[in-house]
Amino acid sequence: YIPCDASTWTSSTSVTCALNGPFASADSITFIVTVSGTASTASSSVTVVDPVITACNPSIGQSLTTYTVTITGTGFLSSNLIAVQYMVDSVSQNCNSFAVLSSSTVSCQIVGGIAVGKSASFRVNFASITSAWTTDPLAMFATSSPPVISNVQPSYVYDTKRPNITITGTNFGNTPTDLSSIQYQVFGVSSTGFVYSGSLLTCASKVWVSSSNVVCVFATSPLFVYDTTLIFKVSAGGQTGTGSSNSVYFRPQPTYTKVIPSVGPADTSLWITIQGTNFGLAGGDLISISFYSPSPSLCLSAIRDSATQVRCQLPSGLTPLNQDNTFQVWLY
């Protein structure tokens, strides 16, 4: 046993011991108290734990803006916290203010923020030990530009459908907590006849998938009808952004006017051209084309030529019918 660097009698049931380290992480320390020449039995052990920062929230934000970052980790000695520091471009400084929030969280206020395109790593200083600087992007604070939407899928939706909308782009945050909201402006008419002229609504729920992919889940109401357009906005890291390809269009069901050719041999793989309306806005809107001969089957290939024309490749060897085949075009 090694003598404490300093020991203090507090009461008949409590004494303190200043440890004469250093100690390695995971070391187990036991104590013996000697009073008037009589030694106690060994106490339960104390395990040495290095403080480790595992995450921070938010992890992204605007440049040159004051933020209070919540730092999460393990091995935090709440009663012995001396300082919380952040480092940008190898220059470290103390947080303008810091506080112990719990045994696993502390806060750091960065007044004035950091420059655009820069990131800050963190460390916590305790009376007897200091954590390492963070290197994991999830445990660092970085500045970024506003979110930019590059694509939404599906871009074309039937008037009675309410699919989840997958939004791709950039700067959607590094963690789910960075994603503040997904909103959309509505232009068009609801099922009750209410006219929307840019009303801003919020997705019923949002799903952060990655820094470039998020999902909007619609509520069950209001129900939009044809010729309704939704323009999306994503808010992350205290910034809101949109983009040029950010719209979803609600349109009526497809209609069919002509099938070319209308007659053909059953033992040959034919390409059938189907003409009509509302066949989507882009090739990606077309899911499949099915035909009945006499039971439902999928075309071997399905191609969208335009909003008024699609093509279906029929397999060979169909059963000859003395009646018309019926086609259905399936879109998002």
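Enquirer: Mind laying out the state of the cysteines, listing which residues take part and the relevant values?
Expert: Considering all chains together, one arrives at four disulfides under this definition. Each disulfide pairs two cysteine sulfurs, and for Cys 4 the partner residue is Cys 17, the sulfurs being separated by 1.8 Å. Between Cys 4 and Cys 17 the disulfide shows an S-S torsion of about -105°. By sign, it is left-handed. One end of the pair, Cys 4, is in the segment before strand 1 (6-11); the other, Cys 17, is in strand 2 (residues 14-18), with 13 residues separating them in the sequence.

Enquirer: Break down the nonpolar core for me, with residues and values.
Expert: Nonpolar side chains tend to gather and get buried jointly when the protein is soluble and globular. Grouped together as the largest cluster of nonpolar side chains are 21 residues, with contacts concentrated most on Val 69, Ile 71, Val 84, Tyr 86, Cys 108, Phe 122 and Val 124. Mapped by element, the contributors of at least two residues to this core are strand 7 (52-57), strand 9 (67-74), strand 10 (81-88), strand 13 (105-110) and strand 14 (119-126).

Enquirer: Go over the environment of Gly 241, please, and point to the residues and values.
Expert: For Gly 241, the position within the fold is in strand 24 (residues 239-241). Each C-alpha atom, one on Gly 241 and one on Pro 146, is 5.3 Å from the other, the two residues being 95 residues apart in sequence. Sequence-distant contacts of Gly 241, defined by excluding residues within four places in its chain, comprise Pro 147, Ile 149, Lys 233 and Val 234.

Enquirer: Now, about unusual backbone geometry: what can you tell me, with residues and values included?
Expert: Outside of glycine, negative phi angles account for most residues, and trans bonds account for most peptide bonds. A cis amide bond links Asn 57 with the next residue in sequence, Pro 58, at an omega value of 0°. Mapped onto the fold, Pro 58 is located in the loop between strand 7 and strand 8 (60-61). A cis amide bond links Ile 260 to the next residue, Pro 261, at an omega of -5°. Secondary-structure assignment places Pro 261 in the loop between strand 26 (255-260) and strand 27 (271-277). Residue Leu 64 is not a glycine yet carries a positive backbone phi of 55°. Mapped onto the secondary structure, Leu 64 falls in the loop between strand 8 and strand 9. Residues other than glycine seldom take positive phi values, yet Asp 89 does so here, at roughly 55°. Relative to the helices and strands, Asp 89 resides in the loop between strand 10 and strand 11 (91-94).

Enquirer: Mind laying out the packing of aromatic side chains, listing which residues take part and the relevant values?
Expert: Taken as a whole and assessed by the stated rule, the structure comprises five aromatic pairs. Between Phe 76 and Phe 126, the aromatic rings sit 6.0 Å apart at their centres with planes inclined by 40°, giving tilted as the arrangement. On the criterion of sequence distance, the pair formed by Phe 76 in the loop between strand 9 and strand 10 and Phe 126 in strand 14 is long-range, its members being 50 residues apart. With respect to burial, Phe 76 and Phe 126 carry one shared label: buried. With centroids separated by 6.2 Å and ring planes inclined at 35°, the aromatic side chains of Tyr 256 and Phe 279 adopt a geometry described as tilted. In this pair, Tyr 256 sits in strand 26 while Phe 279 sits in the loop between strand 27 and strand 28 (286-292), placing the two residues 23 residues apart along the sequence. On the accessibility criterion, Tyr 256 (37% relative accessible area) is partly exposed. With relative accessibility at 0%, the residue Phe 279 sits in the buried group. By the ring-pair criterion, three or more aromatic residues cluster together here, those being Tyr 184, Phe 218 and Phe 232.

Here is what the cut-offs are and how they apply
- Residues numbered from 1 in each chain as written.
- Predicted model: local features only at pLDDT ≥ 70, side-chain atom pairs only at ≥ 80, totals over all residues.
- Heavy atoms only, no water.
- Disulfide = S-S within 2.5 Å.
- Helix = DSSP H or I, 4+ residues; strand = E, 2+ residues; numbered from the N terminus.
- Core = buried A, V, L, I, M, F, W, Y, C linked by side-chain atoms within 4.5 Å.
- Buried < 20%, exposed > 50% of the residue type's maximum accessible area, 1.4 Å probe, protein only.
- Contact = heavy atoms within 4.5 Å.
- Phe/Tyr/Trp six-rings, centres within 6.5 Å; stacked < 30°, edge-to-face > 60°.

Nothing here speaks to function; it is all geometry.
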